[in-house]
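The chain contents come next:
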Amino acid sequence: MVEASDRLGGRARSLLLADLLAHQGLTHGPPSALSRYHVDAGCGWLHSAQRNPWTAIAAAKGFSLDRSEANWRIQWRDLGFPPEEQDASSEAYQSWIARALAAQNGPDRPLSDFIDADDKWRPKIDAISGYANGANLGQVSLHDWAAYEDAATDDNWTVKEGYGTLVTSHAAGLAVRFSTPVTRIDHTGHCLKLDTPAGTIEADHVVVCVPTTVLATAQIVFDPPLADKHAAAADLPLGLADKLFLYVDRPEWPSDAHLIGNPYSACTASHRLSPFGWPIVESFFGGDCAEMLEDRDAAQFAIDELVGLLGTGWRNRFTPLAATRWRHEPYIGGSYSHALVGKAAQRGVLAAPIDGRIHFAGEACHAFDFSTAHGAYETGVAAARAIIGEPASIA
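This write-up is about the structure you can find in this document. None of the values given here were measured: they were computed from a predicted structure. (Residues numbered from 1 in each chain as written. Predicted model: local features only at pLDDT ≥ 70, side-chain atom pairs only at ≥ 80, totals over all residues. Heavy atoms only, no water.)

### What to know about the overall build of the protein
Within the protein one finds 13 helices and 16 strands. Over its C-alpha trace the protein gives a radius of gyration of 21 Å, about what one expects of a compact globule, namely 21 Å for 395 residues. With respect to the three principal axes, the spread of C-alpha positions in the protein is 70 × 55 × 40 Å. Residue pairs in contact within the protein that sit at least 24 positions apart in sequence constitute 72% of those at least 6 positions apart. Total accessible area on the protein stands at roughly 17,300 Å², and carbon and sulfur atoms take up 53% of it. (Helix = DSSP H or I, 4+ residues; strand = E, 2+ residues; numbered from the N terminus. Rg over C-alpha atoms; globule rule 2.2 N^0.38 Å. Contact = heavy atoms within 4.5 Å. Areas by Shrake-Rupley, 256 points an atom, 1.4 Å probe, with all protein chains shown as cover.)

### Quick word on helix α11 (residues 298-310)
Structurally, the α-helix is built with 3.6 residues per turn, so residues lying three or four positions apart point the same way. Under the 1.5 Å per step criterion, the end-to-end length of α11 is 18 Å for 13 residues, consistent within 8% with the ideal 18 Å. Listed as buried for α11 are Ala298, Ala299, Ala302, Ile303, Glu305, Leu306, Val307, Leu309 and Leu310. Turning to α11, the residues buried within the fold contact β11 (241-248), β12 (257-260), β13 (270-273), β14 (280-286), α10 (287-293) and β15 (318-323). Capping the start of α11 is the job of one residue whose side-chain oxygen sits 3.2 Å from the backbone nitrogen of Ala299: Asp297. Remark: Gly311 follows α11 within two positions and exhibits a positive phi of approximately 120°. (Expected span 1.5 Å × (residues − 1). Buried < 20%, exposed > 50% of the residue type's maximum accessible area, 1.4 Å probe, protein only. Polar contact = N/O pair within 3.5 Å; in protein donor to acceptor, adjacent residues only side chain to side chain.)

### A word on the nonpolar core
Ranked by internal contacts, the top residues of the largest apolar core, which has 43 residues, are Trp253, Phe285, Leu310 and Phe318. At the level of elements, α1 (17-23), β11, β12, β14, α10, α11 and β15 are the ones that each hand at least two residues to this core. Counting residues per element, this core draws most heavily on α11, at 8 residues. Within the second largest apolar cluster, 21 residues are counted, among which are Ile185, Leu192, Ile354 and Ala364. (Core = buried A, V, L, I, M, F, W, Y, C linked by side-chain atoms within 4.5 Å.)

### Looking at the pattern of salt bridges
Counted under the stated rule, the structure contains 20 salt bridges. Glu363 is the salt-bridge partner of Arg11, the closest N and O atoms lying 3.0 Å from each other. Here Arg11, found in the segment before β1 (14-16), pairs with Glu363, found in the loop between β16 (358-360) and α13 (373-388); they are 352 residues apart in sequence, far enough to count as distant. Across this residue pair, the class does not change: Arg11 and Glu363 are buried. With a shortest N-O distance of 2.8 Å, Arg51 and Asp369 are connected by a salt bridge. Separated by 318 residues along the polypeptide, Arg51 in the loop between β3 (45-46) and α3 (53-60) and Asp369 in the loop between β16 and α13 bring together distant segments of the chain. Each of Arg184, Asp186, Asp195 and Asp223 takes part in a single network of salt bridges with overlapping partners. (Salt bridge = Lys/Arg side-chain N within 4 Å of Asp/Glu carboxyl O.)

### Focus: the side chain of His359
Take His359: it is sitting in strand β16. At 3.3 Å, the side chain of His359 forms a polar contact with the backbone oxygen of Gly356.

### Comments concerning the pairing of strand β7 (residues 192-196)
Residues in a regular strand point their side chains to alternate faces of the sheet. The alternating pattern of β7 places Leu192, Leu194 and Thr196 on a buried face and Lys193 and Asp195 on a face that is not buried. Of the strand pairs in this sheet, strand β6 (residues 184-186) and β7 are connected by 3 bridges, and their pairing is antiparallel. Within the sheet, the bridge partner assigned to Arg184 lies in β7 and is Asp195. Taken together, the 5 bridges between β7 and strand β8 (residues 199-203) define a ladder with antiparallel strand orientation. For Thr196, the partnering residue across the bridge sits in β8 and is Gly199. In textbook terms, the turn of a hairpin is the stretch between consecutive antiparallel strands, and for β7 and β8 this stretch comprises 2 residues. (Pairing = 2+ DSSP bridges.)

Here is the structure:
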């Protein structure tokens, strides 16, 4: 197995909480306990958890699963978001979903078609699309979104030791060559030849598991060319979702509370307060807002939002710990895929094997569990089964 970067996991990456705190000269709890706790810079939720294969893997490996409610719909103490406004927002969101799903058997359209541009709650729904799809409503295919929505369940669980930790632990014992990007795959002859900086690798089969950004920009060249693959990848771009982690001195909320920074803006963070009871805030940005903040001070933006809700006395109680910039991450270049309007069928094109020898896997190859770690896992298992001659089964 060759890996382009210097670590495993890709967009599943956990950061040791003790290291983040120590870097700022902060401590919390006994060191032995902190050594097991991680925050997730990338995927952090076991979506559709009861049918998610990572759930069983986590249980078998002794990881700690938290089945608590995500509380995304609850505004702690109704700060900046009165109950009647929360009810109106929820009603508008559910109406938007109903209109979109009712249209899914018709022509493909952008998700923005199902709410008026001047609707009071359009910005908030745009923000939610940024979190969920990595892109705002006007950029996302109805058909693609509906395929995910129809299959997803509402159970979203977390892993105390980190989702990224779980993913990388599952690869324990594998022989991996790091910092070895494949730049060319020659499939002209009986034997596949893969060009890397360390030399040429020969193989009978290969599983290509890379973000769509890598294929869309031809960072891997195929000989003979596979124009359909590059086109499909371009039609399934990676949206953007970034996270910021703040230490908070003397938090006053319960574990896993939630605040949305500004429910009337499309550029706002979803703030997860004290996950697992830790003294941190995990702020989540998506879509155009995340794009803007990758080149600005995301920490200042998040702290300003929180102080606006909590009061000026809180400003000195927050300390930035870490922030992601997935758009700038080498060999990744974004967060998770969404189909452009009219291009949902390109997932099947991207996933199709070539000559029974070149197989493709990754979240973007899944027909309905795209943008998730379990979607990536299932396509990888399907590719492996195809190589060894077992029937593939994607739930």
